[in-house]
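# Working through the structure, step by step
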Amino acid sequence: MEFSKNYNELGKIIVKKLRDENFEFYEKSRDYGKSMSQKKYSELPKNKNLLPEFQKLQDERFEFFNSLTEKQTETLNRIILNILDSTAFNLLREVEENLGENESIGMTINGEKIEDINSEFLSGTLFGEYFLWVEKNSKFGEFQQ
C-alpha cells in the first residue's frame, strides 16, 4: 500500500520525538557511566557551577550505570524502551479516543487533521499504528512490552 507524505512524516516524527531521541539521551548517560572506573570518575574536577543536589544526582547516576553488569544493562535498556513505548502508545490512544471532542487533544500534520489520514491506518487506530511506525522508523528495534 502506498502511504501519503503526511502519514509517513507523522510516523517518523512520532517515533523520533517520543522514542528515539529520548532513548539516545538515556544511552549517553548510560555510556558515560560505563566509560571509566569509579576511581577515575572521583578524580575528575567537579563543576563548581552545578548545584550540589545536581552534582549528587550526576554522581549517583554514574555510580549506578558503572555498577551494572552487561545483562542488567540489557534488561534496563528494554525497560526504558518499554516506558517510552507505553508513554507514546498511551498519548496516541488518548488523542484517538477523543477525536472530535471539544476538550480533546488535537493533532495535525502539515495542516491536515489526523482524522483526515486515518483511512490509511492499517491497524485502524492511531495508537495501533505506533507498532508499525516503530518497526519501520526506529533505530532501536521493535516495540517493547
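A brief structural summary.

The subject of this paragraph is the overall build of the protein. The number of helices and strands found in the protein is five helices and two strands. Reading the protein from its N terminus to its C terminus gives the helix and strand order α-α-α-α-β-β-α. For 145 residues, the compact-globule estimate of 2.2 N^0.38 gives 15 Å, and the protein exceeds it by more than 25% at 20 Å. Along the longest, intermediate and shortest principal axes, the C-alpha atoms of the protein span 60 × 30 × 25 Å. A burial count over the protein gives 32% of its 145 residues as buried.

Turning next to the pattern of salt bridges. Under the defined criterion, the tally for this structure stands at 11 salt bridges. In this structure, E97 engages R93 in a salt bridge whose closest nitrogen and oxygen atoms are separated by 3.8 Å. One end of the pair, E97, and the other, R93, are both in helix α4 (residues 70-97), four residues apart, so they sit about a helical turn from each other. Members of the salt-bridge network, linked through shared partners, are K16, K17 and E21.

All right, on to helix α5 (residues 126-137) then. Along its 12 residues, α5 runs 16 Å from first to last C-alpha, staying within 8% of the 16 Å computed at 1.5 Å per residue. Those residues of α5 that fall on the buried side of the exposure criterion are L126, F127, G128, E129, Y130, W133 and V134.

What follows is about a nonpolar patch on the surface. A contiguous nonpolar surface patch, about 410 Å² in accessible area, is contributed by M1, L122, F131 and L132. Examined against the element boundaries, M1 turns out to sit in the segment before α1 (5-33).

Moving on to unusual backbone geometry. At N110, a position not held by glycine, the phi torsion is positive, near 55°. Tracing the sequence through the fold places N110 in the loop between β1 (108-109) and β2 (112-113). Under the relative-accessibility criterion, N110 is labelled partly exposed at 47%.

It is worth spelling out the environment of I83 at this point. Position of I83 among the secondary structure elements: in helix α4. Owing to a relative accessible area of 46%, I83 belongs among the partly exposed residues under this scheme.

Cut-off values and rules
- Residues numbered from 1 in each chain as written.
- Predicted model: local features only at pLDDT ≥ 70, side-chain atom pairs only at ≥ 80, totals over all residues.
- Heavy atoms only, no water.
- Helix = DSSP H or I, 4+ residues; strand = E, 2+ residues; numbered from the N terminus.
- Rg over C-alpha atoms; globule rule 2.2 N^0.38 Å.
- Buried < 20%, exposed > 50% of the residue type's maximum accessible area, 1.4 Å probe, protein only.
- Salt bridge = Lys/Arg side-chain N within 4 Å of Asp/Glu carboxyl O.
- Expected span 1.5 Å × (residues − 1).
- Patch = residues over 30% accessible without salt bridge, like charges linked within 9 Å, V, L, I, M, F, W, Y side chains within 5 Å.
- Areas by Shrake-Rupley, 256 points an atom, 1.4 Å probe, with all protein chains shown as cover.

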